[in-house]
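Residues per chain, in single letters:
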Amino acid sequence: MSVSQVSLPASEGPEGAQPDDESGLPAERYLDREESWLRFNERVLELAEDESIPLLERVRFLAIFATNLDEFFMVRVAGLLRRMVAGFPVEGAGVRLPRQVLDNTLELAGELTVRHARAFSERINPELAEQGIELLRWKELSGDERDTLGDLFKQRIYPVLTPLVVDPAHPFPFISGLSLNLAVMIADPRTEATVFARVKVPPLLPRFLALSPSRYVPIEDVIAAHLTDLFGGVEIIEQHAFRVTRIRDLEVDEDITENLLQAMERELVRRRFEPAVRLEVEDTMSADVLDRLVTELGIDKRAVYRVSGPLDLSGLFAIADLNIGELRYPGFVPSTRAVPEETSIFTAIAERDILVQHPYDSFAASVERLIEEAAEDPRVLAIKQTLYRTSGQSPIVDALIDAAEAGKQVVVVVEIKARFDERANIAWARKLEEAGCHVVYGFVGLKTHCKMALIVREEPDGTLRRYCHLGTGNYHPTTARLYEDFGLLTADPAVGEDVTALFNHLTGYSRTGSYRRLLVAPQSLRTGIVSRIDRQAGRQRAGQPARIIFKTNALVDEVVIDALYRASRAGVRIDLWVRGICALRPGIGGLSDNIRVRSVLGRFLEHSRVYAFGPDEDEDAQVWIGSADMMHRNLDRRVELLVQLTDTGHQRRLRRALQLGMDDRTSCWWLDADGHWVRHSRDEEGNPLRDVQETLIRERRVRSADD
């Protein structure tokens, strides 16, 4: 795709897929997924604006908003433009035309971009200054500070800068995605000619340069103040910061690619030159300079955003990490009591299933411990595991390597197409292969997103026993301290057989399609969820008690949404705890008046997926956890799994957690039928409502080991 191809096509393109008239459901029953995602990021921004949250955590939410919006443009807006260029309808079954979706998306994104910049400049930055943390612009510095930065510029910055002038002999340079740049207009006094130049801010240097432990200045201000050192003998007419976002979603033709790993490596190189989909500029930029950038980048003018600087507030993560305890959330130490410390983890799992919830339960003392003990245990014969994302220094990967070097059979299914983690996963795959692990890259056309580990161990009596971990989150020690996720540790033979069959499916040619305690995508997960929704609707019509409660990151799939609508029409009470995108419209009379939708955002990222059917203590009730959201990609283009919890104590615990999130006394956002989320954080007297995450932190501090 050339740069010019991402501008808006002349024709509207075909309409989105229309819903089936035979469904008996209204055509406009789905919310726009792009707007719903932006509304999710708006909720993140509301946390940054919330003065009851510790200041540095609000700074972190500003940075999270910025990185979220970067990814949204690189993937979602880019995908929408690609579909329009190709003449395809908008993904999903909405009734909006592609142009309407794009118009609405770019307008709302622009409004949030301006609001984000104002939140920093008008609220957060002044509050930081009150606490002695100053983020200053060049004009606010003292003479001594400017001299100090001048020396720093000469020693550390100037040597790595490359000014590029655009003239007949020098074409407009390529502007890499997410790079911060200065657009400079210079005049040569000898010729009176005015030319455009670009200076790229070195990406490996700190975003904010520290003058002292509490005073910082944006690096582009330091470069701008010393442009005469770069362009000697000319006049600097004007200079302004700008930033470009480019398409960054991998396109590999897997049907004709024999070596997927090599193809991915080539694609990572090619991806740097993808078309631009967004341009951010400082609001001081002149119209002439802006027009030059828009023309050279071939970008849609509606995707150009003027904001007050500094740009690229993702760099605020460094400020948020300052070690000032009173400006951050209170310290929290995860519980290590879920798995008894005084006995072998295999003995503990053999006695009963163990359910852990991270970060409240320690990831290191449960999941990491399982893999590490398996690597060291001479009775363990084999370890099989999926890896979708993991950290740079991963104890789990180290344990797998140790196990392979000890002669155990180690099989690792590595997903090298995990978005934005491709390079890291390719590096891990190479390292694991070199250590003697059997590395498998999954299926052509499918991402392996399920989270599972299988350990085969010879017991003292000579029998073989299978120990499994199945979770809702990645095997990532760092995010396990920040993401809320559930994990099941079990030696149940039925689960062991199911997981063995699924690994054989991933690594060989097994075509097993039925499982006892698993639902697996793309074969049976959607149909399994829909059939259980329909069963609750049937129970309600038959006068039997019925109930549905979901907790998921996203609810977009039309088949699942329509099943929920039908169940609501039948009278089933349905609660949906959705962190991010929700295309279902709740509270519509005769369609979804029995459905409530809530969203919880806070200190930890609510990441677990839980699907509960039937009322508490009912013999027909079921609770499932796993890796799958109710989205097309999860149900059709990924290998996902849900596992059924059979322990009644675990079921009660999960249902209580779901009810806690849906309770009217809990601080959260409520979704209305028009797609707007309204925050409910205080009661009628103005007192703060219950914080789910703080409640669970307190409970872990007092929970007994036998609970």
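Up top is the structure.
What counts as what
Residues numbered from 1 in each chain as written. Predicted model: local features only at pLDDT ≥ 70, side-chain atom pairs only at ≥ 80, totals over all residues. Heavy atoms only, no water. Buried < 20%, exposed > 50% of the residue type's maximum accessible area, 1.4 Å probe, protein only. Helix = DSSP H or I, 4+ residues; strand = E, 2+ residues; numbered from the N terminus. Pairing = 2+ DSSP bridges. Expected span 1.5 Å × (residues − 1). Polar contact = N/O pair within 3.5 Å; in protein donor to acceptor, adjacent residues only side chain to side chain. Contact = heavy atoms within 4.5 Å. Phe/Tyr/Trp six-rings, centres within 6.5 Å; stacked < 30°, edge-to-face > 60°. Lys NZ or Arg CZ within 6 Å of the ring centre and 35° of its normal. Core = buried A, V, L, I, M, F, W, Y, C linked by side-chain atoms within 4.5 Å.

### Some points on the pairing of strand β25 (residues 638-645)
Logical step 1: The buried fraction of β25 is high, at 8 of 8 residues.
Logical step 2: The two faces of β25 match: Arg638, Glu640, Leu642 and Gln644 on one face and Val639, Leu641, Val643 and Leu645 on the other face are all buried.
Logical step 3: With 2 bridges connecting them, strand β14 (residues 447-448) and β25 associate as parallel partners. Within β25, the position partnered with Thr448 by the bridge is Val639.

### Considerations on the pairing of strand β17 (residues 483-490)
Logical step 1: Judged by how many residues are buried, β17 sits mostly within the fold: 7 of 8 residues are covered.
Logical step 2: Here 5 bridges tie strand β10 (residues 354-358) to β17, and the two strands are oriented antiparallel to one another. Residue pairing for β17: Val356 is matched across the bridge by Gly487.
Logical step 3: Across 4 bridges, strand β16 (residues 464-471) lies against β17 in antiparallel orientation. Along β17, the bridge assignment pairs Leu470 with Leu488.

### Notes on helix α15 (residues 525-541)
Logical step 1: The first and last C-alpha atoms of α15 sit 25 Å apart over 17 residues, in line with the 24 Å expected at 1.5 Å per residue.
Logical step 2: Phi for Gly543, located one or two positions after α15, is positive at around 80 degrees.

### Overview of the side chain of Arg526
Logical step 1: Here Arg526 shows up in helix α15.
Logical step 2: At 2.8 Å, the side chain of Arg526 forms a polar contact with the side chain of Asp636.
Logical step 3: Residue contacts for Arg526: discarding those within four places in its chain leaves Asp557, Val559, Val560, Leu635 and Asp636.

### Focus: the packing of aromatic side chains
Logical step 1: Enumeration over the complete set of coordinates arrives at 12 aromatic pairs.
Logical step 2: On the numbers, 6.0 Å between centres and 75 degrees between planes, the contact of Trp37 with Phe40 is edge-to-face. Linking Trp37 with Phe40, this pair stays in helix α1 (residues 33-49), spanning 3 residues, or about one helical turn. An identical accessibility class is assigned to Trp37 and Phe40; each is buried.
Logical step 3: A connected cluster of aromatic rings, assembled from ring pairs, spans Trp37, Phe40, Phe72, Phe73 and Tyr305.
Logical step 4: Directly above the ring of Trp677 sits Arg43, whose terminal nitrogen or CZ lies 4.0 Å from the centroid.

### Things to note about the nonpolar core
Logical step 1: Ranked by internal contacts, the top residues of the largest apolar core, which has 113 residues, are Leu279 and Leu564.
Logical step 2: Take this core: its biggest share by element is 15 residues, from helix α2 (residues 55-86).
Logical step 3: Leu279 has contacts with Phe242, Arg243, Val244, Leu290, Leu293, Val294, Leu297, Ile299, Ala303, Val304 and Tyr305, leaving out every residue within four places of it along the chain.

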